[in-house]
Amino acid sequence: MLIGLVRDSMLQCFCHSCKAPLDIVAGQRKGNAPFKKPTGKGARTKQPKKVKFITTEIRCQEKSKGGICYEVILAEPTAPKRAPSPPHTGPTQQIPIEDKLREAEQRRFTLESHKIAALSAKLSKIEEVARKKDELSAAFIAATRESLDAKMNNTEEKREAHIAELKNKLKEHLESVEKSRLSLEQQTEEVRCAVEEKLKTAAAQRDENIKRMLDRLKEHEEQAARVRQGMTERVQQLESQIQGKLDQARERRESLEREQKEKLRNYNTVKIAKVRQMVDECATRDLLVKKFEFDKRVSTAELNRQREIQRRVQAIREHEKRAEIVRQKKAAMDGQKGKGEDQNILPVENETASSG
């Protein structure tokens, strides 16, 4: 049922002016004959019955690799229904359905032809691009192969030249090594012969030298014995001389010590007297200086004392003068007060006398 609804909703007329399904128009409905145009002058084309279509929505979603899930959503049409057109009084000119179908078929064919032409153009472009790509890749491969072949040939030539050069150098080195080896062997042979001859002559010379050295050693021992005897005699003589000189030096030192002690004793007495005299002179000098300073200080102190006494006497005199002035002022003030009291006392006495 669902498949039939989807098929009916998708198979519609291409004119989109009528809402008749395509199978009704094309005559492909089950058990129905193809639609025929009515004949007659006064015949009018009748609109087919309106079929209620269900709007569908198909959603495609890839659930897994290689698998696709389709969701078909059915819903009522949301567009409002058109109001019925009022009846026309005049004759209406309607386009026949066959013309519409023919035009729709032509449009479909033209669209398909355009699509096929576009697809063929795209395919031709794709083929051209693929051909150009193949040509470019082939040219690149050929150029790369040629460059690699040239590089390999050049490398091979260089390697062969390098190997040949190394072989020549190695050959020359081996020849020089062989020459040096031969010369070294010849030199070693000559040196060996010379060493053998020298060893023979050295053995003879060694025996002679040993004999000479033995004779020299004997002579040296005899000479050493003579020298040792002479040295012992000389040492004994020197010891006797040294002992005599030591005795003389001891006596001389004792006499010098006695003389030094006597001189020191005399020097000490004279020096002590001089030192005492100098100390006495210094003491008297210091005493005189101190006495002079003391007298000077005493005189200055006496002068200062006299000045202080005079200053204090002067201050006392000034104080007495001020005191005398104050006493005089006080006496004058007391006299004025006494006169005032006498004047005040006289009227009182008169009053008492009158009252008595």
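From a predicted model like this one, the values you see are computed outputs, not experimental measurements. Along each chain, the written sequence defines residue order, and numbers are assigned to residues from 1. For a predicted model such as this one, the threshold for reporting local features is a pLDDT of at least 70, and the threshold for listing and counting side-chain atom pairs is 80 or more; totals across whole chains, interfaces and linings nevertheless cover every residue. Only heavy atoms go into the side-chain values, all of them from the structure, while hydrogens and water stay out.

1. Concerning the overall build of the protein chain
Link 1 in the chain: Regarding its fold elements, the protein chain presents 3 helices and 2 strands.
Link 2 in the chain: Listing each helix as α and each strand as β along the protein chain from the N terminus yields α-α-β-β-α.
Link 3 in the chain: Burial status across the protein chain gives 3% buried among its 356 residues.
Link 4 in the chain: In what follows, a contact means two residues having at least one pair of non-hydrogen atoms within 4.5 Å. Across the protein chain, every contact between residues at least 6 apart in sequence was considered, and the portion connecting residues at least 24 apart equals 39%.
Link 5 in the chain: Note on areas: these come from Shrake-Rupley sampling with a 1.4 Å probe, and a residue is covered only by the protein chains present in the view. For the protein chain, the computed accessible surface area is about 33500 Å², with 58% contributed by carbon and sulfur atoms. Helical segments are the DSSP runs of H or I of at least four residues, strand segments are the runs of E of at least two, and each set is numbered from the N terminus. Here the term buried applies to any residue with accessible area under 20% of the maximum for its type, exposed to any over 50%, and partly exposed to those in between, with areas from a 1.4 Å probe on protein chains only.

2. Some remarks on the pattern of salt bridges
Link 1 in the chain: Each salt bridge in this description consists of a side-chain nitrogen of Lys or Arg and a carboxyl oxygen of Asp or Glu lying within 4 Å of one another. Counted by the stated rule, this structure contains 16 salt bridges.
Link 2 in the chain: A salt bridge links Arg-181 to Glu-178; the nearest nitrogen and oxygen atoms lie 2.2 Å apart. Taken together, the residues Arg-181 and Glu-178, both in helix α3 (residues 97–355) and 3 residues apart, mark about one turn of the helix.
Link 3 in the chain: Judged by its relative accessible area of 36%, Glu-178 is partly exposed.
Link 4 in the chain: For Arg-327, the salt bridge goes to Glu-324, with nearest N and O atoms at 2.5 Å. Here the residue Arg-327 and the residue Glu-324 both occupy positions in helix α3, the gap between them amounting to 3 residues, near one helical turn.

3. Things to note about the confidence of the model for the protein chain
Detailed reading of predicted coordinates is not advised where the pLDDT is low.
Link 1 in the chain: Here the protein chain averages 76 in pLDDT, and 69% of its residues register 70 or above.
Link 2 in the chain: How sure the predictor is of each residue is captured by pLDDT, a score from 0 to 100. Per-element averaging of pLDDT across the protein chain places helix α2 (residues 22–26) at the bottom with 47 and α3 at the top with 84.
Link 3 in the chain: Ignoring residues within four places in sequence, the model shows residues 20–35, a span with pLDDT below 50, making 23 contacts including any to other chains.
Link 4 in the chain: Between residues 347–356, whose pLDDT stays under 50, and residues either more than four places distant or in other chains, the model counts 0 contacts.

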